[in-house]
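This is what each chain is made of:
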Amino acid sequence: MARIQHTKKSMILVWSFASVIALAMGLSIYFVQATYDLRALINATFIPGATLLGLAGLILISRTGNFDIMAYSFVAMGQRFRPREMRQYEDAVDYKAKAEERRSKKGGYVLPYLIWGGALLLTALIVNIVFMTSL
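Residues numbered from 1 in each chain as written. Predicted model: local features only at pLDDT ≥ 70, side-chain atom pairs only at ≥ 80, totals over all residues. Heavy atoms only, no water.

S.K.: Which parts of the structure should I look at to understand the nonpolar core?
M.R.: One recurring pattern in soluble globular proteins is that nonpolar side chains are buried together. Core analysis: the biggest nonpolar cluster contains 11 residues, these being Val 14, Ala 18, Ile 21, Ala 22, Leu 52, Ala 56, Ile 59, Tyr 109, Val 110, Tyr 113 and Leu 120. Elements with a contribution of two residues or more to this core: helix H1 (8-32), helix H2 (38-64) and helix H5 (111-134). Sequence-distant contacts of Ala 22, defined by excluding residues within four places in its chain, comprise Pro 48, Leu 52, Trp 116 and Leu 120. Listed in part, the 5 residues of the second largest apolar core include Tyr 72, Ala 76, Tyr 95 and Ala 99. (Core = buried A, V, L, I, M, F, W, Y, C linked by side-chain atoms within 4.5 Å. Buried < 20%, exposed > 50% of the residue type's maximum accessible area, 1.4 Å probe, protein only. Helix = DSSP H or I, 4+ residues; strand = E, 2+ residues; numbered from the N terminus. Contact = heavy atoms within 4.5 Å.)

Now the structure itself:
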């Protein structure tokens, strides 16, 4: 598979999206806690970190094309209400071929999700160790 060159605009958008997810989830989880202590900080870093790493994993799995047939089934349900001439895909094979063509042109940029998720999980681990030694 050839290496895909991402545009600066798409990279900035993905970095911004990952940053907003991390900060919004972390701050909302932290400020919802009853007490603002190390436990709240552990929750506020672990949950967004695990979510971002999971999102990166799902993006990587979707890039392999393993779930194209399942995705086609949802597309096909919506297309059943259109006349045959207006349908976008003839069958599942046609959908899979077009999906592979889309993937070859446009790739999943997962680096921001991996960096933010890893940093947040590492922070949660360090704060957890500090919390456990302070007990």
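That covers the picture; the talk isn't over yet.
S.K.: What's the story with the packing of aromatic side chains in this structure? I'm lost.
M.R.: Where two aromatic rings form a pair, the distance of their centres and the angle of their planes describe that pair. Applying the stated criterion across every chain, the model contains 5 aromatic pairs. Ring geometry for Tyr 30 and Phe 31: centres 5.3 Å apart, planes at 75°, overall edge-to-face. Here the aromatic rings of Tyr 72 and Tyr 95 are separated by 5.6 Å at their centres, their planes lie at 50°, and the arrangement is tilted. Of this pair, Tyr 72 sits in helix H3 (residues 68-79) while Tyr 95 sits in helix H4 (residues 92-105), placing them 23 residues apart in sequence. Here Tyr 72 and Tyr 95 have matching classes, each one buried. Taken together, Tyr 30, Phe 31 and Tyr 36 form an aromatic cluster joined through their ring pairs. (Phe/Tyr/Trp six-rings, centres within 6.5 Å; stacked < 30°, edge-to-face > 60°.)

S.K.: Please explain the layout of surface pockets as it appears in this structure.
M.R.: Over the atoms a probe the size of a water molecule is rolled, and this reveals where empty space is left. In this model, the largest pocket occupies a volume close to 530 Å³. Forming the walls of the largest pocket are 24 residues, and the residues nearest its centre are Arg 63, Arg 103, Lys 106, Gly 107 and Gly 108. Those elements that place two or more of their residues in the lining of the largest pocket are H1, H2, H3 and H4. If you tally residues by element for the lining of the largest pocket, the top one is H4, at 5 residues. Residue composition of the lining of the largest pocket, grouped by class: 10 nonpolar, 8 polar and 6 charged. (1 Å grid on protein atoms, 1.4 Å probe; cavity = no way out; pocket = protein on both sides within 12 Å on 5 of 7 lines; lining within 4 Å. Points joined across faces, edges and corners; volume = space filled by probe spheres on them. Nonpolar A, V, L, I, M, F, W, Y, C, P; charged D, E, K, R; others polar.)

S.K.: Honestly, the pattern of salt bridges in this entry has me stumped. Any pointers?
M.R.: Pairs may arise between side chains of opposite charge once their charged atoms sit close together. On inspection of all chains with the given rule, the structure shows 4 salt bridges. Of the charged contacts, one joins Lys 96 and Asp 68 as a salt bridge, the two residues approaching to 3.5 Å between their closest N and O atoms. Placement of the pair is Lys 96 in helix H4 and Asp 68 in helix H3, with a sequence separation of 28 residues. A salt bridge links Glu 100 to Lys 96, with the shortest nitrogen-to-oxygen separation between them at 3.9 Å. Residue Glu 100 and its partner Lys 96 are both found in helix H4; the two are separated by 4 residues, about one turn of the helix. (Salt bridge = Lys/Arg side-chain N within 4 Å of Asp/Glu carboxyl O.)

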